[in-house]
Amino acid sequence: MTAPFWYRLNQYVRNLAPFLSAVVLLFLTVIPFHVPAYAAIVPMLPLTAVYYWGLYRSDLLPAPVVFFIGLALDLLSGAPIGLNAGILLLVYGTVVSQRRYLLHESFSVAWASFMVVAAGAAILQWAALSLLDWTIRDPSPGVFQYFLTIALYPCLAWVYARTQKTILRQA
Amino acid sequence: MARLRAGSFLRLTTPVRLFAHRFPFLLLVAATLVLMVIGRLETSFAERLRANVTDFAAPIVDLISRPVVASRALLGEISDLATLREENQSLRATVASLQQSKLTAERLASENESLRALLNLVPDAPVHFVAARTIADSGNAFVRSVLIDAGRHEGVKRGDPVINGEGVVGRIAQLGNRASRVLLITDWNSRIPVLVESSREKAILAGDNTRHPRLRYLPSTAAVAQGDRIVTSGHGGVFPPGLPIGTVGSVGEDGIRIQPFVTWNRLEFVRIVNYGLKGALPDLLGDSQTKEILRK
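All right, on to the overall build of chain A then. Check the secondary structure of chain A and you find nine helices and zero strands. Going residue by residue from the N terminus, the α and β elements of chain A occur as α-α-α-α-α-α-α-α-α. Residues counted as buried form 51% of the 171 residues belonging to chain A. Counted over contacts in chain A with a minimum sequence separation of 6, partners at least 24 positions apart contribute 74%. Of the roughly 8,000 Å² of accessible surface on chain A, 73% is carried by carbon and sulfur atoms.

Written out as structure tokens, the structure reads:
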């Protein structure tokens, strides 16, 4: 019965799309673009992936996968191990628990709630780093990072939506 | 009757079932907290893990970054074409003045050597360089580090200073087999012993994640003016003395800010400085890798 095998393989590879989008964003975060001060304000790209897929297809991006993406981001970016893993997991948990309210809302509502969630993530990142160093760190890099992240969300959400309509819908 | 009892039983177990459903998630969150604490306390474990992952990911990131670098270079070439003639003229003038400086430098170097011999000064340890390319920036607003494609296999050691043509870039903070992480001088955790070149006053260059690190622990009687050159002092034996770092950018209420010589967004090729081993040791060690390093 070869037909079901290829069919299942096809489905499996398509279902990897959310995970692969997060991995691509992970690499985009660390690649040197040689733009002045890019590293200072690089937006939290994997956060957008975790938020979107956690909201609309959390079955394709389960919690352990989110954990490993966060861990990989920590290890590649030089952040303390566990920091981004924890932040992404908490964002994922928040989004999944609020699916009931957010799932059928318009894009503007989803974007607005992303702003709130990303603010929480940014504050959490700053607080965790200050706590680990036991000093109050200057939050301004985090503020720029936050605004860039929420500004980029619509573009990325459009890409995810196209992915959902084309790669994931075909059965 | 039986149906009613089943319903109430389900209602009782719902919280338990919800908890069991969420348990893996809570376990993962607890795991991240544990990792953060372990990473802070037991740094060797964190370092090994980070080094292994970096070694694994380095070729991939390198491959992905090449098209980006190439397209940036292409754009740079196109914009350079516009200013080609003026650039040529100014470059010719620079070459002429540099040739002059080279002659002066050679004369001073030989004078220096003869004076040192006269005073029986201990010669500086021989210094070797390993060249490398930056393959990744830190992807974090709060960490200033870059990944380079040289590691243990190339003879790099932890703590080695990293420089480029313009000045001091940073130090090797984490070491892998094929790649390592450089902590830039602008990072929060970077502390470098420096000298104000003109007055030879000692101070510490402390990064604070901005593009202008601060000069700290300078004696209050020291007179520092804008434009003074800052170089490494060689204290602590980490950085060779005399390496250029930057100039004093501003002296104000929030301290003395340094304008580094290095342009951070054009950081591509760097050199890692490692001191050579003293004469007798290579024969004792006798392994081919050491001989390879020393032959360079």
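The next subject is the pairing of strand β11 (residues 255-260) of chain B. Residue and element names in this part refer to chain B. Examined bridge by bridge, strand β8 (residues 214-216) and β11 share two bridges and lie antiparallel to one another. Its bridge partner being in β11, R214 is matched across the sheet by R257. In the sheet, strand β10 (residues 244-252) pairs with β11 via six bridges, with the strands oriented antiparallel. Counted as the bridge partner of S250 is R257 from β11. Between β10 and β11, which pair antiparallel and follow one another directly, the connecting turn spans two residues.

Residue and element names in this part refer to chain A. Two numbers describe how helix α5 (residues 63-77) lies on helix α6 (residues 83-97): the axes approach to 7 Å, and their chain directions differ by 150 degrees. With respect to each other, α5 and α6 are oriented roughly antiparallel. For α5 against α6, the interelement crossing comes out right-handed. Taking contact as the criterion, the partners of A63, V66, F67, I69, G70, L71, L73, D74 and S77 in α5 are, on α6, L83, N84, A85, L88, L89 and Y92. Of the residues in the contact of α5 with α6, the class split is eleven nonpolar, three polar and one charged.

Residues L47, Y51 and L89 of chain A are the most contacted members of the largest nonpolar core, which totals 54 residues. Put simply, the parts of the chain that give this core at least two residues each are α2 (17-30), α4 (45-56), α5, α6, α8 (107-133) and α9 (140-168) of chain A together with α1 (2-41) of chain B.

Moving on: the pattern of salt bridges. All names here are of chain B. Counting across every chain of the model gives ten salt bridges over all chains. Salt-bridge contacts for D62 lead to R133; the nearest nitrogen and oxygen are separated by 2.7 Å. One end of the pair, D62, is in helix α2 (residues 43-82); the other, R133, is in strand β1 (residues 127-137), with 71 residues separating them in the sequence. Judged by its relative accessible area of 9%, R133 is buried. Between R133 and E268 there is a salt bridge, and its shortest N-O distance comes to 3.7 Å. Residue R133 is located in strand β1, and its partner E268 is located in the loop between β11 and β12 (269-275); the two are separated by 135 residues in the primary sequence.

Residue and element names in this part refer to chain B. Here the phi dihedral of N209 falls at roughly 70 degrees; this positive angle occurs in a residue that is not glycine. If you trace the backbone, N209 turns up in the loop between β7 (201-206) and β8. What makes N209 buried here is its relative accessible area of 7%. The phi dihedral of Y217 is positive, around 60 degrees, even though this residue is not glycine.

What counts, and where the lines are drawn
- Starting from 1, residues in each chain are numbered consecutively following that chain's sequence as written.
- Naming scheme: in the order in which they are written, chains are lettered from A and ligands are numbered from 1.
- Note on the predicted model: pLDDT of at least 70 is required for a residue's local features to be given, and 80 or more for side-chain atom pairs to be given and counted; whole-chain, interface and lining totals, by contrast, use all residues.
- With hydrogens and water set aside, each side-chain value is computed from the structure's full complement of heavy atoms.
- Every helix listed is a DSSP run of H or I at least four residues long, and every strand listed is a run of E at least two residues long, numbered separately from the N terminus.
- Relative accessibility decides the category of a residue: with a 1.4 Å probe and only protein chains considered, values under 20% of the type maximum give buried, values over 50% give exposed, and everything between is partly exposed.
- In this description, contact between two residues means that some pair of their heavy atoms is separated by no more than 4.5 Å.
- For the accessible areas, the method is Shrake-Rupley and the probe is 1.4 Å, while residue cover comes only from the protein chains on display.
- Pairing between strands is defined by DSSP: at least two bridges between them are needed.
- For helices, the axis comes from a line fit to the C-alpha atoms of the stretch in contact; other axes are also lines fit to C-alpha atoms, and the angle between any two N-to-C directions lies between 0 and 180 degrees.
- Oblique is the label for any angle not under 35 degrees, not over 145, and not in the 65 to 115 range, which are roughly parallel, roughly antiparallel and roughly perpendicular in turn.
- The crossing is said to be left-handed when, going from far helix to near helix, the turn is anticlockwise and less than a right angle, and right-handed when the turn is clockwise.
- Classes in brief: Ala, Val, Leu, Ile, Met, Phe, Trp, Tyr, Cys and Pro nonpolar; Asp, Glu, Lys and Arg charged; the others, Gly included, polar.
- Side-chain atoms within 4.5 Å are what join buried Ala, Val, Leu, Ile, Met, Phe, Trp, Tyr and Cys residues into a set we call a nonpolar core.
- By convention in these notes, a salt bridge is any Lys or Arg side-chain nitrogen within 4 Å of a carboxyl oxygen on Asp or Glu.

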